Each structure stands twice: as structure tokens, then as C-alpha cells.
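Summary of structural features
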Amino acid sequence: MRSFEPWGGESAWSALRCKWTVLVVRRLAEGIVRPGQLKRAIPGLSTKVLYERLHALQRGGFVSAAVFEGYPRRAEYHLTDRGWQLFRLISACQQQGVSLLALTEVLKCRWLRDILRILREGPQRPSSLQRRLSGISNKVLAEKLGKLEHLGLIVREVSATRPVAVWYRLREEGARLNAILAEAEPAPWPARAAAGSSPGSRM
């Protein structure tokens, strides 16, 4: 899969939080460039929301507009290089069986992204994750782990040892999403990167 250039800022991620934005980007990539055509190609999309999404994509640098004078005045919208990067990210998720819901939820929160990056190394205990995620509280960590479980990206495992130990590891979809994010936005690993121990070893 082709690598994505790093995107500096959250606007690229924000663009994926709206299902209409994703659908508009897909249709633009197919060569449907006029607002009227876009509206007909996307059932349920109102004219107001269409223009809101197009203008938001313009502000983010994902779309450019070409206006042709005359009567009636005509406009066409085209993906920029940045817009094509966004489209490739969407396509990568489709091709690798990663839901856009999972992608957008993870992109909203740096803690979720950092947890996935750490779990790429192998199963981790909550205490190990907390040491590596500088500034996260026990409560927030538990919430984020629960969120990732709900999304089907990680799994919680309880050892049969005494005392009982809890581990978290990536599920297959979590590993695929991790790979997509690693290509889309290379980022430094969380600070305090003390290596987590593997299941069955003592803290």
C-alpha cells in the first residue's frame, strides 16, 4: 500500500468524522464534480449539508473549486493532492476490512492511538500501559481500554495464575488499523517507553 505523507494537524482527521464527508470524497474521486451531480449520487444528502461539507473540505485544503461564469453560473469541485491522500486512507480501510467508525473514533483521541501503538509490541498489562502513557489517570485509561474493546480493536484476557493478571492485546482489526495509521501519520511513540513485560512474566 502506498504511504501517506504526514499531515500536520487534526483537520485531516476531523474530515473523517462525518459520514457525509466520506461519501462526498468518494464521489469526487469517481469524477462526480458538480454539486447537483453529487447530491443525486448521495441519497439523503441535503443541499445545505452538501455545501457545508464542500466548504469544510475547501478550508482543510482537501478540495479546490473552479467557478465558470455564465448563466447559470457553474462550479466544479476537485480533490487536491491532500484530498487524494484522504481518499487513499478511506480506501485502505475498505480494502483491509477496517470500519470507518473504528477509524474515526480512534482519530478523535490521542490516547486511543497511543494505546494501539503500544499494543503493537505485544500484550500489555494496564500498569505497563499507564507507565508509558504519561499523564493518563487510572480512570481515563480504563475508559479508553473499554472503548477500544467495544470497537472490537483489542481484547481483554485474564490469566489463570495467582494472583490473577489482566492483559490487553490487539485483535486482527486493531492490528490492521494500526498499520494504516502508521502509514498515514508517522508519530513518535509515547514518552517513558519502558518495555512492557509479556504474559506470564512478573512485573
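Everything numeric in this text was worked out from a predicted model, so none of it was measured. (Residues numbered from 1 in each chain as written. Predicted model: local features only at pLDDT ≥ 70, side-chain atom pairs only at ≥ 80, totals over all residues. Heavy atoms only, no water.)

All right, on to the confidence of the model for the chain then. With 82% of its residues at a pLDDT of 70 or more, the chain shows a mean pLDDT of 82. This model gives residues 1-10 a pLDDT under 50, and the stretch forms 26 contacts once residues within four places in sequence are excluded. Taken together, the stretch residues 186-203 has pLDDT below 50 and engages in 35 contacts with residues farther than four places along the chain or on a different chain. (pLDDT = per-residue confidence, 0-100. Contact = heavy atoms within 4.5 Å.)

What follows is about the packing of helix 7 (residues 110-119) against helix 9 (residues 138-150). Helix 9 packs onto helix 7 with a crossing angle of 75° between their chain directions and a minimal axis gap of 10 Å. By the angle between their axes, helix 7 is roughly perpendicular relative to helix 9. Note on element contacts: helix 9 touches helix 7 through Val140, Leu141, Lys144, Leu145, Lys147 and Leu148, opposite Trp111, Leu112, Ile115 and Leu116. Along the lines of polarity and charge, the residues of the contact of helix 7 with helix 9 split into 8 nonpolar, no polar and 2 charged. (Axes fitted to C-alpha atoms, helices over the stretch in contact; angles between N-to-C directions. Helix = DSSP H or I, 4+ residues; strand = E, 2+ residues; numbered from the N terminus. Parallel < 35°, antiparallel > 145°, perpendicular 65-115°, else oblique. Nonpolar A, V, L, I, M, F, W, Y, C, P; charged D, E, K, R; others polar.)

The subject of this paragraph is helix 5 (residues 81-95). Relative to the 21 Å expected for 15 residues at 1.5 Å per residue, helix 5 spans 21 Å between its end C-alpha atoms, a close match to the ideal helical length. If you check which residues of helix 5 are buried, you get Gly83, Gln85, Leu86, Leu89, Ile90, Ser91, Ala92 and Cys93. Count one or two residues on from helix 5 and you reach Gly97, which has phi positive near 70°. (Expected span 1.5 Å × (residues − 1). Buried < 20%, exposed > 50% of the residue type's maximum accessible area, 1.4 Å probe, protein only.)

In terms of nonpolar packing, the biggest core is built from 51 residues, with Leu103, Leu153 and Ile154 touching the most fellow members. With residues near it in sequence (within four places) discarded, Leu153 still touches Ala102, Val106, Leu116, Leu148, Leu170, Arg171, Glu173, Gly174 and Leu177. (Core = buried A, V, L, I, M, F, W, Y, C linked by side-chain atoms within 4.5 Å.)

One can find Arg169 in strand 4 (residues 166-170). For Arg169, a relative accessible area of 33% gives the class partly exposed. Sequence-wise, Arg169 and Arg125 are 44 residues apart; in three dimensions their C-alpha atoms are separated by 9.0 Å. Ignoring any residue separated from it by four or fewer positions in sequence, one finds Arg169 in contact with Leu119, Pro123, Ile154, Val155 and Glu157. Side chain to side chain, Arg169 and Glu157 meet in a polar contact 2.4 Å long. (Polar contact = N/O pair within 3.5 Å; in protein donor to acceptor, adjacent residues only side chain to side chain.)

On to the packing of aromatic side chains, then. Tallied over the full model, the rule gives 1 aromatic pair. Aromatic pair Trp84 and Phe87: ring centres 5.7 Å apart, planes at 85°, arrangement edge-to-face. With Trp84 and Phe87 both in helix 5 and 3 residues apart, this pair spans about one turn of that helix. Taking relative accessible area as the criterion, Trp84 reaches 33% and is therefore assigned partly exposed. Over the aromatic face of Trp111 sits the side chain of Arg110, whose NZ or CZ is 4.0 Å from the ring centroid. Directly above the aromatic system of Trp167 lies the positively charged group of Arg125, at a separation of 5.7 Å from the ring centroid. (Phe/Tyr/Trp six-rings, centres within 6.5 Å; stacked < 30°, edge-to-face > 60°. Lys NZ or Arg CZ within 6 Å of the ring centre and 35° of its normal.)

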